[in-house]
Amino acid sequence: CGAAFCCALADGILQRAALFAASMLAAAAARSTPAGGLPLCVCAEGTTVNRTPTFLARIRTLLEREVTEKGGPVLEFVTLEDATLAGSALAAMQA
């Protein structure tokens, strides 16, 4: 098994994961109706997003082609460092 094969395999897995993520976001966008044509905000956070430079770009490209260009809402991506930790802390304070 050569390095080129391993790279091609990893690239294919990454593309498939981006397709799954984009399809889930597209489904959520289809169920949402932003007021006044405002963009939908997507908080992208996690190890795969933070440590794989092309992953978020792949998702954006897929969504732009399949949702935005076909008249769907615009999805705006934001990233927050430690968003899960902050969300958990806020939830604990509410309890």
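Note that the coordinates shown come from a computational prediction; the quantities given were computed from them, not determined experimentally.

Right, let's get into the pattern of salt bridges. A full pass over the atoms with the stated rule returns 3 salt bridges. A salt bridge links Arg 58 to Asp 11; the nearest nitrogen and oxygen atoms lie 2.3 Å apart. Of this pair, Arg 58 sits in helix α3 (residues 55-66) while Asp 11 sits in helix α1 (residues 3-31), and the two are 47 residues apart along the sequence. The exposure class of Asp 11 is partly exposed, given its relative accessible area of 39%. Ionic pairing is found between Arg 65 and Glu 66, a salt bridge with its closest N-O pair at 3.2 Å. Judged by its relative accessible area of 43%, Arg 65 falls in the partly exposed class. Among the residues examined, Glu 66 registers a relative accessible area of 41% and is labelled partly exposed. Salt bridges linked by common partners bring Arg 65, Glu 66 and Lys 70 together as one network.

Next up on the list: the pairing of strand β1 (residues 40-43). In regular strands, side chains alternate between the two faces of the sheet. With burial as the criterion, only one face of β1 is covered, namely that bearing Leu 40 and Val 42; the residues Cys 41 and Cys 43 on the opposite face remain uncovered. Alignment of β1 against strand β2 (residues 75-78), held across 4 bridges, turns out to be parallel. Note on β2: the bridge partner recorded for Val 42 is Phe 77.

It is worth spelling out α3 at this point. Counted at 1.5 Å a residue, the expected span for α3 with its 12 residues is 16 Å, and the 17 Å between its end C-alpha atoms agrees. Turning to α3, its buried residues number three or more, namely Phe 55, Leu 56, Arg 58, Ile 59, Leu 62 and Leu 63. Here the buried residues of α3 occupy an arc of 160° about the axis, which is enough to place them on one side. Elements in contact with the buried residues of α3: α1, α2 (47-51) and β2.

Each value, and the rule that gives it
Residues numbered from 1 in each chain as written. Predicted model: local features only at pLDDT ≥ 70, side-chain atom pairs only at ≥ 80, totals over all residues. Heavy atoms only, no water. Salt bridge = Lys/Arg side-chain N within 4 Å of Asp/Glu carboxyl O. Helix = DSSP H or I, 4+ residues; strand = E, 2+ residues; numbered from the N terminus. Buried < 20%, exposed > 50% of the residue type's maximum accessible area, 1.4 Å probe, protein only. Pairing = 2+ DSSP bridges. Expected span 1.5 Å × (residues − 1). Arc of directions from axis to C-beta. Contact = heavy atoms within 4.5 Å.

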